[in-house]
Amino acid sequence: MGIDRAYDRRTFLKFAGATAAIAACGGASTASPSPTTAAATATATAAPVTGTISVYSALNESTNNEFFGAFKKAYPGVTVNVLPLAAAGELQTRIRTEKASPKADIFIGGSSEFHDPLGKEGLLEAYIAPNAKDIDAKFKEATGLWTGWYTGIFGFISNNDRLAKEIGGKKPTTWDDLLDSAWKGKLVLPSPVTTGGGYIFIATQIFRFGGGATGETKAMAFMKSLHANVAQYVPTSPGALTLIDQGQFVGCPNWAHDILTEKSKGNPIDLTIPTDTGFEVGAVSIVKGTKSLAAAQALVNWSITKEAGDLNVKLSNRGSTRTDVAPAAGSPKLSDVKLVNYDRQWATDNKDRIIKLWQSTVGL
Amino acid sequence: MRSLQREPGLLLALLAVIVLVGIFIVYPQVRVIATPGTGYIDFLTGGSWVKATLNSLQVMALSTTSAVILGFVFAYAMVYTPMPWKPFFRLVGILPLLSPPFVVAAAYVILFGPRGLITYGIFGQTISVFGLSGIWGVQTIAFFPFAYQLIADVLSRSDARLEQAARNLGAGPWHVFRTVTLPLSRPGLGAAILTTAIYVLEDFGNPALIGGTFTVLPVLAYGQLSGFGDVQGATAISTLLLALALALYFAKIRLDGGRSFVTVSGRASSMPRPPVPAALTWSCFVACLLLSGLILLVYGSLLVSALTLNFPTNFTFTTKHFEYITSGTNGTALQNTLVFGLAAAAFSAAFAILAGWLVQRVAFRGARVLDLLLIMPAAIPGLFFGIGYATAFNEPWLDWLDRGVLIIIAMIFWNIPVGYQAAVAGLRQIDKSMDEAATSLGASSLRGFRDILLPMLGGSLRVGFVTTFVRAVTTLSVVIFLFTPASTVATIRIYQLVNDLNFGAATAFTVADIGMAIAALSVIAVLARGRVALGAARA
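Given the structure is predicted, the values throughout are model-derived calculations rather than measurements.

J.: Which parts of the structure should I look at to understand the interface of chain B and chain A?
T.: Interfaces are often sized by the amount of accessible area the parts lose when they come together. Opposite the 58 residues of chain B that make contact, chain A presents 61 residues. Contributions of two or more residues to the side of chain B that touches chain A are made by helix 5 (103-112), helix 10 (205-210), helix 11 (217-228), helix 15 (330-361), helix 17 (382-392), helix 18 (403-414), helix 23 (490-499) and helix 24 (503-528) of chain B. Of the residues forming the side of chain B that touches chain A, the biggest block, eight residues, is contributed by helix 15 of chain B. Broken down by class, the residue content of the side of chain B that touches chain A amounts to 28 nonpolar, 24 polar and six charged.

J.: In this structure, what is going on with the nonpolar core? I would like to understand it.
T.: Burial of nonpolar side chains together is a common tendency in soluble globular proteins. Membership of the largest hydrophobic core comes to 236 residues, with the highest contact counts inside it found for Tyr108(B), Ile151(B) and Ala410(B). Among the elements that make up this core, the one with the highest residue count is helix 15 of chain B (20 residues). Aside from chain neighbours lying at most four places away, what touches Ile151(B) is Gly71(B), Phe72(B), Ala75(B), Ser185(B), Gly188(B), Leu189(B) and Ala192(B). In this structure, Phe107(A), Phe139(A), Val287(A) and Ala296(A) belong to the second largest nonpolar core, which totals 46 residues.

J.: Looking at this structure, how should I read helix 14 (residues 351-362) of chain A?
T.: Each α-helix turn comprises 3.6 residues. Residues three or four places apart therefore point the same way. The first and last C-alpha atoms of helix 14 of chain A sit 17 Å apart over twelve residues, in line with the 16 Å expected at 1.5 Å per residue. Of all the positions in helix 14 of chain A, only Lys351(A), Ile354(A), Ile355(A) and Trp358(A) are classed as buried. For helix 14 of chain A, the angular spread of the buried residues around the axis is 95 degrees, confining them to a single face. Of the surrounding elements, those touching the buried residues of helix 14 of chain A are helix 5 (112-120), helix 7 (196-208), helix 8 (212-227) and helix 13 (344-349) of chain A together with helix 11 of chain B. At the exit of helix 14 of chain A stands Gly363(A), carrying a positive phi of roughly 75 degrees.

J.: Would you mind showing me how to read the packing of helix 6 (residues 132-157) of chain B against helix 19 (residues 416-428) of chain B here?
T.: Helix-helix packing is described using two parameters, namely the angle between the two axes and the distance between the axes. All names here are of chain B. It is at 10 Å that the axes of helix 6 and helix 19 come closest, and there the two elements cross at 20 degrees. Here helix 6 lies roughly parallel to helix 19, going by the angle between them. In this structure, helix 6 crosses over helix 19, and the sense of that crossing is right-handed. Contact residues: Phe 146, Leu 150, Asp 153, Val 154 and Arg 157 in helix 6; Val 418, Gln 421, Ala 422, Ala 425 and Gly 426 in helix 19. Considering only residue class, the contact of helix 6 with helix 19 consists of six nonpolar, two polar and two charged.

J.: So what exactly am I meant to see when it comes to the domain arrangement of chain A here?
T.: All names here are of chain A. Domain assignment breaks chain A into domain 1 (35-151 + 280-320) and domain 2 (153-279 + 337-362). Domain 1 and domain 2 are separated by 29 Å when their C-alpha centres are compared. Contacts between the two partners involve 15 residues from domain 1 and, on the opposite side, eleven residues from domain 2. Those elements giving two or more residues to the side of domain 1 that touches domain 2 turn out to be helix 4 (88-97), strand 3 (106-111), helix 5 and strand 10 (279-287). It is helix 5 that provides the largest number of residues to the side of domain 1 that touches domain 2, a total of four residues. Of the residues that constitute the side of domain 1 that touches domain 2, the class distribution is three nonpolar, seven polar and five charged.

J.: Help me out: how do you make sense of the confidence of the model for chain B in this one?
T.: The predicted coordinates of low-pLDDT regions are not to be read in fine detail. Residues and elements named next belong to chain B. For chain B, mean pLDDT is 83; residues scoring 70 or higher make up 94% of the total. Of all the helices and strands in chain B, helix 25 (residues 532-537) carries the lowest mean pLDDT, 35, while helix 18 carries the highest, 94. Scored below 50 in pLDDT, residues 530-539 makes 27 contacts in the model with residues more than four places away or belonging to other chains. Predicted complex metrics record ipTM = 0.81 and pTM = 0.82.

Parameters and conventions
The residue numbering used here restarts from 1 in each chain and proceeds along that chain's sequence as written. Naming scheme: in the order in which they are written, chains are lettered from A and ligands are numbered from 1. The predicted origin of the model limits local features to residues at a pLDDT of at least 70 and limits the giving and counting of side-chain atom pairs to 80 or more, whereas totals for whole chains, interfaces and linings rest on all residues. Any two residues are considered in contact once their C-beta atoms, placed from the backbone, lie within 7 Å. Secondary structure elements are taken from DSSP: a helix is a run of H or I of four residues or more, a strand is a run of E of two residues or more, and numbering for both begins at the N terminus. Here the term charged refers only to Asp, Glu, Lys and Arg, the term nonpolar to Ala, Val, Leu, Ile, Met, Phe, Trp, Tyr, Cys and Pro, and the term polar to all other amino acids, Gly among them. Joining buried Ala, Val, Leu, Ile, Met, Phe, Trp, Tyr and Cys residues through C-beta atoms within 7 Å gives a set, and that set is a nonpolar core. Our exposure labels follow a C-beta count within 10 Å of each residue's own C-beta, placed from the backbone: buried means 20 or more other C-beta atoms, exposed means 12 or fewer, and partly exposed covers the counts in between. Residue count minus one, scaled by 1.5 Å, sets the expected span of a helix. Our arc is simply the arc of the directions from the helix axis toward the C-beta atoms. Simply put, an axis is a line fit to the C-alpha atoms, just over the touching stretch for a helix, and the angle between two N-to-C directions goes from 0 to 180 degrees. Note on angle classes: values under 35 degrees are labelled roughly parallel, values over 145 roughly antiparallel, values of 65 to 115 roughly perpendicular, and the remainder oblique. Helix crossings get a hand from a simple test, with the near helix turned counterclockwise from the far one by less than a right angle marking a left-handed crossing and a clockwise turn marking a right-handed one. Where each domain starts and ends comes from a domain assignment, either automatic or drawn from a database. Values of pLDDT, ranging from 0 to 100, describe the predictor's confidence in every residue of the model.

Next comes the structure, spelled out in structure tokens:
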């Protein structure tokens, strides 16, 4: 009887294994939405643009759902499959490794520094959207490889309690204030290697010191002095905000819009914007090899409408590249803060070299 | 060579294993290494790897030592002592394996950071978890379960009669432990040290999050890839990691020598183990209790976070995080995680045992190479394993291949090493005369394997299944370049939520993921109960 039972279980396990394998195949295929039926119901409303697009999105979770929901309302004939990964570097790598058989039609979100190299490598499809006429030239690539649709300003987050007790409540008015020894071991910085923000911070210093070779030398000297006060270079920008929310560290240069979002959740933190700061241009681009070009172009064109701009401001506190979109309440306007003369093309083209220079300067 | 020519089935099995290993372990790596560019030279001349390598080696030595010691104590206590609460400890001993990246390291920061709830909140200390000591501590807890599983498997199979004999001849408990128990557990110890060391070397999440300015190789590689888009430079680092793992592997071979560790030479003994002094039992109990307390503290904080508005600043109770994670596509992610994990674990464990048997028992040229290839995946950072698959299998003519299936295949082969190590360690304890008895009575080698050895290797099978399953449901790096909207998994969602600064929902997802994994493991344990070998290894 004991043997029988053991045997029964063994047979059962065999079956269980087989079922699991079948479920694995079946589960995965049933989980994928059926594009044909979705497209069929959509065409019934007779929208001009139809198709299914796969979108690699580096936008926030909360933004994704509403933003693409609104797009689908505007273009009911288009089915959007969003692949959400709020890490532009990983999405960039994915697009590179997939170039033999591209799986994305659209790459949206992340600063233009992540889109520009892909364009140079011939992995993007140029498209000058009709609505791009409303966008200033400094916010878009001339041949239409990528289009800038939002802006983000670099600010400074500080933990209220610890700032008051340990730094005398003095928020930095310039970046040089961060060199004060009172900040020693109390600052964190998004990693210049793995985050767009960390690099924009270094580039901002270069432009602050006048750019060129002199600017570079002075900026590196600044970064080296700052290194003495930095406790950690955090691998993601949001990760750095969490550390300040919790008071693990006192302050961190980071994105103003994200700092505002954190503050609105009731965290004991505050935003300040030191003078001579930099900003990012968030981009959208079409991946070469797309089989739904019309739908992809529709999304790019829609992203730079006033409607999309207003929605994104509401969802993410970011600014818009359109002048007719008002910034979020409490958030700084690009024209109101003192910005450095940020040469985006230079910053993009010299990114690898500058980061390596920084690495050897601080010894990381 | 005894039967390859005579047994077509055996030859077929061997060829199948070699072909699969070739396609799914070797080929993707070759594709990654063959990426054109000048990255290798730039990287080597850049010199940033020297410091990172030294850092990696330092951390490896520290964390492996402490993790293996903890693992041994835990395993010894579970197998040898009659201490109470064993089912509880068994469960807690698996928890650290169920650590989706980022969230658990974040929990350590919340508890033990400069303003940690424990370090600062209770003890008023501002000592920091960031840096070398932090990595050391966190990795010790994170990786001791691997050592525990492998050592417990070997200890539970060692023959009690040898120890009884030694005791009867007058040796004291300590003397028996030192001269009988410890030497006999050497295959398991060796496997545990090797596996733990390689996993520590390859660990990315913990050093990235709490490393401070202390950089190790995987962190450097990730930066190279994510920051510079430099696949070549990143691969160079990955290759360096492989070389280090290779060195460890050869060191282990040397240490093992050609010794025999056979302890199962006939009928499994029903003799009880010699009694352990009560003082030892209770010290083991206290040690396990302390360790479990620490683990429960960390995982408990995840549960608290999942059920509060904004941990650790606002402790108001809420269920909104759990409502959020059961909405939308999140349910699909959990379901995929379970299906992928179970499928990968079943295939991986079975494949590991078969491969282990072929390498260990069937003499053929190149067995050593196959052995090495089967351990290699442990040393390949998940990121590169994923990139290898994304590069090698993202061809237009392969577009029909479902991504979920590809992810399962990646998980199977990435997780082979532990199950394989367990199988080899197990086989080395079983005397060859056992299966030879079967073959000389006319059974084929395969039949001897299936009917004689497999039932005795239940423990090894279980180790392979459990580790593959838990690693499959907690890996982010392997899937990050492979997942599609339809084949998204829990870790991807958790990573997204962490980056979205929604720590509450991220922890709720983590709790759901861990809960689901434990439930699945419990169901399997219940189904498997009653099977002699599995029972034995359950200590």
